[in-house]
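A structural walkthrough
Read off the chains here:
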Amino acid sequence: MKYAEQLFVYHSSVSNIGPTKAYEVYSNMKGSEKNVHGTVTDFRNWRRDLNVFINASDSQMLVNKMEERKKYVPGFSFEYKLEKSQLHSIFWADEVAKCNYKEFSDIISFDATYRTNRYNMKFVPFTGIDNHHRCVTVAAGLIRDETAESYTWLLTCFMKIFGKEPNMIVTDQDKSMAIAIKAVFKTAKHRLCMWHIMRKVPSKIQEAIPTIEDEVEKDFKNRLNKLVWNMYIEPNVFEERWEKLMHDFSLKNDSWFKHMFDIRSTWIPAYFIDTEMYGLMRTTSRSESENAFFSNFTRSAANLLTFMDGFESAMLKQRSKQESLDAQTIKKNPKLLTQLKIEKHALKVYTHAIFAIVQKEIYEALYSCLLDKMDKEEETEIYPLISEPEKNIYMSVLHNSKDGSMNKNIEEIPEKYIMRRWRRDIIPPELRSRRNKYGNENIVVQDSVNEITSVVYDCVELVGSDENMLKVILEKLKLLKKEVEAQVPKPSKKKDDIIGNMIGVSKPSTIEIQNPPVGNYKGCANDKRLMSGKEKAIKEIKKRKFTCGKCGRDDHNQRTCDKKKKAKEQVETSEI
C-alpha cells in the first residue's frame, strides 16, 4: 500500500467507516480495484496496525497530544485526572468554545452519553444556544464513572477555565449531577430537563392505569402538556390545575406523579419566571440533540485518540454550519412583511432565526391587535388592546407618562431592549473560521496540500480525455517528483514513524499514564437498552397470537387446554 491508501484508511476510521467499506469507496474513486495499491485485506491490516500502534499507549499519547496543543494553540485549555496511574477524567475547551461561552452562558445543559470509546468512559458535552438558536458546544469532558466526585471534578475544571457560572444549568434527574452542581456552583439555578421527564410519561401512565384506553391516554397527555409547558402561568395556578388533572384521572396517589409534583420547582417553567432566558430549554432536550449529533462521529470500539479526532470532526461541522449561517445573515435578506421601519431595523440587528420571531411579533401587533380606547389614571396611561377578537382575548399596556421612553412612532428598537446574545455580529468571523486540529499540525501546510491536490484535479478535468495532454502532464509531474526527491530528505519507511506522522503524535518511549479499565454503564444493559412500559406493551401486541385449537382461547395451547383434560377424564371414567 502507498501512503495515499494508508491515509485514506485512517481518515475513514475517523469518519466511522470500516476498512472493508473504505476499500469499496476508494476503488470506486479510482475507477476499479486494479487502480488501488493494495487489497481489502491490506486495508484491514493497516487498520489493525493503527490500533496496535496506539493500544497500550492510548491514554499517554492522548495526554501528550493535548499538552502539545496547549503549547502551540492560543486559548486552548486541558485538564486531566489520574487514579492509581490510570487515566480517570479529562476536560478541555478551545478558544472558540470560550468565546461561545462568554456570549451564550445564560443557560447551559450537560448530559453523559455512552458508547463513544472502548473504555466506556462517559462523554459529557456542555451545550449552550447560540445567536442562531442552534446548539453550540462550549466545553467537553470524559469521565470514567458517574459518581458525584467525578462530576464535581468536571465542574471544578469548568469553573477554573471559564471563571464564571452560567445563570442556569440544565440536567436530567441524575443525583450525582445534582450533588456536584450544589457543591461547585453557588449562584447558578439547577433545572431538570423537561424533555427527559416528559418522555417517561407514557410508561408511567401505563404502569399507573394498565387498562387505560388510547383516547383517554391521549386526552391526559394533551392536558398535561398544555399545563407543564405553559410559561405564562403563576405557580399557584399551576398547582390548582395539576391537582384537578390528577383528580380527573385518579392519579393523586400514584408515587411517580406525586414525586414529580413535590419537586415541581426544579422543572416546571412557572417556577423559573424570574430567571432571564429561562425559556431557551423549553421545547426539546438540547443535550439529547447534541448526543445524537456526536453519535455520527464516535463509536463504541474507538480508542481515545480516534474519539478525539471524531470530536474534532464534529466541531468542524458544527462551526462550519455556524459560519454558513453568519454568511447567509449578511448576504441574504428575508422578505419584509410590513412597511414599518422598526421591522427593517430588526433585520439589521438580529440573525435570521431571531428576526423571524421578532418579525412575527411585529406583524401580529400591526394586524392582529386593535386599540380599543385610551384611559388615564393619574400619571398612568392605559391602552387596552384586543388580540384575536373572535377568541375574546384582551390585554392592557400600562405606561407611566413621566417615562419619556414611549414614542408612538418608534422607528428603531431601543438599544436597551436588544439582547446582545441575539445580535448577528457578536462572534468575530476570523474566530469562526479557525480550523485548529488537536496536535501541532501546521494549518498553512494542510491548506497548501489541499490546494496542490485541487490544482492537479483541475488540470485533469481541463484535459478531459485528451490522451496526449494527459501524457504531457504525467511526464511533467514525474520530473517534478524527481526534483523534489533530490531536494528533500526521504521520509522514514518505518511503520511506527509513518503512523506517528499520520495521527499527529509519536509513540512514547515510556508510559506513565495507563489506560483506564473497561467498565459498565450506569443504568444501561450490556446488550440492549431498557424499554419503557409502553414499548413493552406494544411489543406484546405485535407478537403473533396462537389460539387453542380446542377452545379458541389465546392464553394457552391445545396441549395444556383444560377442556381437553376434562374430555380425557370423561373418557377414562366411561371406560371404567
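What you see is a predicted model; the values in this text were computed from it and never measured. (Residues numbered from 1 in each chain as written. Predicted model: local features only at pLDDT ≥ 70, side-chain atom pairs only at ≥ 80, totals over all residues. Heavy atoms only, no water.)

**Here we look at the overall build of the protein**
- Within the protein, the regular secondary structure consists of 22 helices and 11 strands.
- Taking all 576 residues of the protein together, the buried fraction comes to 40%.
- Within the protein, residue pairs in contact and separated by at least 24 positions form 63% of the contacts whose partners lie at least 6 positions apart.
- Just so you have it, the protein exposes about 34,000 Å², and 52% of that area is on carbon and sulfur atoms. (Helix = DSSP H or I, 4+ residues; strand = E, 2+ residues; numbered from the N terminus. Buried < 20%, exposed > 50% of the residue type's maximum accessible area, 1.4 Å probe, protein only. Contact = heavy atoms within 4.5 Å. Areas by Shrake-Rupley, 256 points an atom, 1.4 Å probe, with all protein chains shown as cover.)

**Concerning the packing of helix 6 (residues 148-162) against helix 7 (residues 175-184)**
- At their nearest, the axes of helix 6 and helix 7 sit 8 Å apart, and the two run at 40° to each other. With respect to their mutual orientation, helix 6 and helix 7 come out oblique. The handedness of the crossing between helix 6 and helix 7 is right-handed. Contact with helix 6, carried on its side by Ala148, Tyr151, Thr152, Leu155, Thr156 and Met159, involves Ser176, Met177, Ile179, Ala180, Ile181 and Val184 of helix 7 and no other residues of that element.
- Residue composition of the contact of helix 6 with helix 7, by class: nine nonpolar, three polar and no charged. (Axes fitted to C-alpha atoms, helices over the stretch in contact; angles between N-to-C directions. Parallel < 35°, antiparallel > 145°, perpendicular 65-115°, else oblique. Left-handed = near helix turned anticlockwise from the far one by under 90°. Nonpolar A, V, L, I, M, F, W, Y, C, P; charged D, E, K, R; others polar.)

**Section: the nonpolar core**
- Ranked by internal contacts, the top residues of the largest apolar core, which has 44 residues, are Phe43, Ile90, Trp92, Phe123, Leu142, Phe311 and Ile503.
- It is helix 14 (residues 304-331) that contributes the most residues to this core, seven residues altogether.
- Apart from the residues within four sequence positions on either side, Ile90 is in contact with Leu62, Phe78, Glu79, Tyr80, Ala140, Gly141, Leu142, Trp153, Leu154 and Met308.
- With 27 residues, the next largest nonpolar core counts Val138, Ile161, Phe162 and Ile169 among its residues. (Core = buried A, V, L, I, M, F, W, Y, C linked by side-chain atoms within 4.5 Å.)

**A short note on the packing of aromatic side chains**
- Summed over the entire model, instances satisfying the criterion amount to 27 aromatic pairs.
- Judged by centre distance (5.9 Å) and plane angle (80°), the ring pair of Phe91 and Phe126 falls under edge-to-face. On the criterion of sequence distance, the pair formed by Phe91 in strand 2 (residues 86-93) and Phe126 in strand 4 (residues 122-129) is long-range, its members being 35 residues apart. Each member of the pair, Phe91 as well as Phe126, is classed as buried.
- Both rings, one in Phe123 and one in Phe307, keep their centres 5.2 Å apart while their planes meet at 75°; by these two values the pair is edge-to-face. In this pair, Phe123 sits in strand 4 while Phe307 sits in helix 14, placing the two residues 184 residues apart along the sequence. Like Phe123, the residue Phe307 is buried in the burial classification.
- It is Arg69 that lies over the ring of Phe76; its NZ or CZ is 4.3 Å from the centre.
- One residue, Arg421, lies across the ring of Trp422, its end atom 4.3 Å from the ring centre. (Phe/Tyr/Trp six-rings, centres within 6.5 Å; stacked < 30°, edge-to-face > 60°. Lys NZ or Arg CZ within 6 Å of the ring centre and 35° of its normal.)

**Considering the side chain of Ser27**
- Here Ser27 shows up in helix 2 (residues 19-30).
- Apart from the residues within four sequence positions on either side, Ser27 is in contact with Ser32, Glu33 and Val36.

**Focus: unusual backbone geometry**
- Unusually for a residue other than glycine, Asn16 sits at a positive phi of about 65°.
- For Asn16, a relative accessible area of 29% corresponds to the partly exposed category.
- A positive phi angle is found at Asn55, which is not glycine, with a value near 25°.

**Overview of a nonpolar patch on the surface**
- A cluster of nonpolar side chains, contributed by Ile452, Val456, Val460, Leu470, Leu477, Leu480, Val484 and Val488, occupies part of the molecular surface with about 620 Å² of accessible area.
- Elements with a minimum of two residues in the nonpolar patch: helix 18 (443-463) and helix 19 (467-487).
- Broken down by element, the residue count for the nonpolar patch peaks at four residues, all from helix 19. (Patch = residues over 30% accessible without salt bridge, like charges linked within 9 Å, V, L, I, M, F, W, Y side chains within 5 Å. Salt bridge = Lys/Arg side-chain N within 4 Å of Asp/Glu carboxyl O.)

**Description of the pattern of salt bridges**
- The full count for this structure, using the stated rule, is 16 salt bridges.
- One salt bridge in this structure joins Asp94 and Arg319, with 2.8 Å as the shortest N-O distance. Placement of the pair is Asp94 in the loop between strand 2 and helix 5 (95-103) and Arg319 in helix 14, with a sequence separation of 225 residues. Both residues of the pair, Asp94 and Arg319, belong to the buried class.

**Details of the pairing of strand 5 (residues 135-143)**
- Strand 5 sits mainly inside the fold: nine of its nine residues count as buried.
- Bridging between strand 4 and strand 5 involves eight bridges; their strand directions are antiparallel. Paired with Pro125 across the two strands is Ala140, which belongs to strand 5.
- As consecutive antiparallel partners, strand 4 and strand 5 are separated by five residues, and within that stretch His133 has a phi angle of approximately 65°, a positive value. (Pairing = 2+ DSSP bridges.)

**Things to note about the sheet that holds strand 6 (residues 168-171)**
- The strand order across the open sheet formed by seven strands is 1-2-5-4-3-6-7, and the pairing between neighbours is mixed. Two strands close off the open sheet at either side, each with one partner strand: strand 1 (77-83) and strand 7 (189-192). Adjacent strand axes in the sheet meet at a mean angle of 20°, parallel and antiparallel pairs treated alike.
- Pairing of strand 6 with strand 7, which is carried by four bridges, proceeds in the parallel orientation. Directly across from Met168, in strand 7, lies its bridge partner Lys189.
- Across the face of the sheet, helix 5 comes into contact with strand 1, strand 2, strand 3 (107-110) and strand 5 while running at roughly 120° to strand 5.

**With respect to helix 15 (residues 341-349)**
- If you check which residues of helix 15 are buried, you get Glu343, His345, Ala346, Leu347 and Val349.
- Looking at the buried side of helix 15, the elements it contacts are helix 16 (352-367).

**Quick word on the confidence of the model for the protein**
- Across the protein, the average pLDDT comes to 83, with 81% of residues at or above 70.
- Segment residues 523-529: pLDDT under 50, and six contacts once partners within four positions in sequence are set aside and those in other chains are kept. (pLDDT = per-residue confidence, 0-100.)

**Let's talk about a negative patch on the surface**
- Judged by side-chain charge, Glu213, Asp214, Glu215 and Asp219 come together as a negatively charged surface patch.
- With respect to the element layout, Asp214 can be found in helix 10 (residues 214-228).
- Exposure remark for Asp214: the relative accessible area of 63% places this residue in the exposed category. (Lys, Arg positive; Asp, Glu negative; His and termini not counted. Charge placed at Lys NZ, Arg CZ, Asp CG, Glu CD.)

**As for the environment of Pro414**
- The topology assignment puts Pro414 in the loop between strand 11 (393-400) and helix 17 (429-432).
- Exposure remark for Pro414: the relative accessible area of 30% places this residue in the partly exposed category.
- Between the C-alpha atom of Pro414 and that of Ile342, which follows or precedes it by 72 residues, the distance is 9.9 Å.

**Considering the environment of Phe162**
- Within the fold, Phe162 resides in helix 6.
- Residue class for Phe162 comes out buried when judged on its relative accessible area of 14%.
- Taking the C-alpha atoms as reference points, Phe162 and Cys99, separated by 63 residues in sequence, lie 10.0 Å from one another.
- Setting aside chain neighbours within four positions, we find Phe162 in contact with Phe91, Ala93, Ala97, Lys98, Tyr101, Val138 and Ala139.

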